[in-house]
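# Chain and residue survey
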Amino acid sequence: MAIAPPNRSRRQGDVTLLLPPPRPPLQGLGRCLDALQRQWNGDAGLAALWQAWPRIAGPQLAPHCRPLRLQAGRLVVGASQPQWLQALRFNRHQLLGALRASGFSIKDLVLEQHEATPLPQPGTEQEAQVWQQHPSRIDVFGLAHCGRCQRPSPAGELQRWGHCSFCQRERMADEPPTGGADAPQ
């Protein structure tokens, strides 16, 4: 059991005021970035899986499929074309074994077809149009309060989801991954 640090206080006349605990020492940007990179590359994370994916899936499958979501040990892998989805299904057990052998604690694989939409090139007119209509722009849509959490939120997000992006992330984290053709019914 940890021992609580003594309370700091200050007297002001007849009143004793409690003071907040001292702030932790400042860390340099390099240490913060190192900590972020360690967290990003952690074995349980999707980022580490993306980095290891070409080695795990192999040179034939890796260019045509990719990990999409990892939640509670359930990995959703998307294939770009039906024939690659078929190849994933055929190699499902080998892929699951390779993931586990690489240190990833994957309990289940869900395979689905996934056509990735390419992002617009930076600095192009297409990127400017996408940004002009982005729901998070408060200079375009204004600012309002989320009906769920009462946080100030871009009104475009509230129109899109009915709540703010923080509540949307919580909702997405709470619901099971949407499955493709291999998802249990």
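Above this text you will find the structure in question.
Since we're looking at a predicted model, the values are computed, not measured.

Counting through the fold element by element, His-163 comes out in the loop between helix H7 (155–161) and helix H8 (165–174). A polar contact is formed between the side chain of His-163 and the side chain of Gln-168, at a distance of 2.8 Å. In contact with His-163, other than residues within four places in its own chain, are Cys-146, Arg-148, Glu-157, Leu-158, Gln-168 and Arg-171.

Of the positions making up helix H4 (residues 92–101), those classed as buried are Arg-92, Leu-95, Leu-96 and Leu-99. The buried residues of H4 all sit within an arc of 100° when viewed along its axis, so they share a single face. Across H4 from its buried face, at more than 90 degrees, point the exposed residues His-93, Gln-94 and Ala-101. For H4, the secondary structure elements touched by its buried residues are helix H2 (46–61), strand S4 (74–79), helix H3 (82–90) and strand S5 (108–113).

Turning to the side chain of Ser-153, a few remarks are in order. Mapped onto the fold, Ser-153 is located in strand S7 (residues 152–154). Here Ser-153 falls in the buried class, since its relative accessible area comes to 1%. Ignoring anything within four residues of it in the chain, the contact list for Ser-153 reads Gly-142, Leu-143, Ala-144, Cys-146, Leu-158 and Cys-164.

About the cut-offs
Residues numbered from 1 in each chain as written. Predicted model: local features only at pLDDT ≥ 70, side-chain atom pairs only at ≥ 80, totals over all residues. Heavy atoms only, no water. Helix = DSSP H or I, 4+ residues; strand = E, 2+ residues; numbered from the N terminus. Polar contact = N/O pair within 3.5 Å; in protein donor to acceptor, adjacent residues only side chain to side chain. Contact = heavy atoms within 4.5 Å. Buried < 20%, exposed > 50% of the residue type's maximum accessible area, 1.4 Å probe, protein only. Arc of directions from axis to C-beta.

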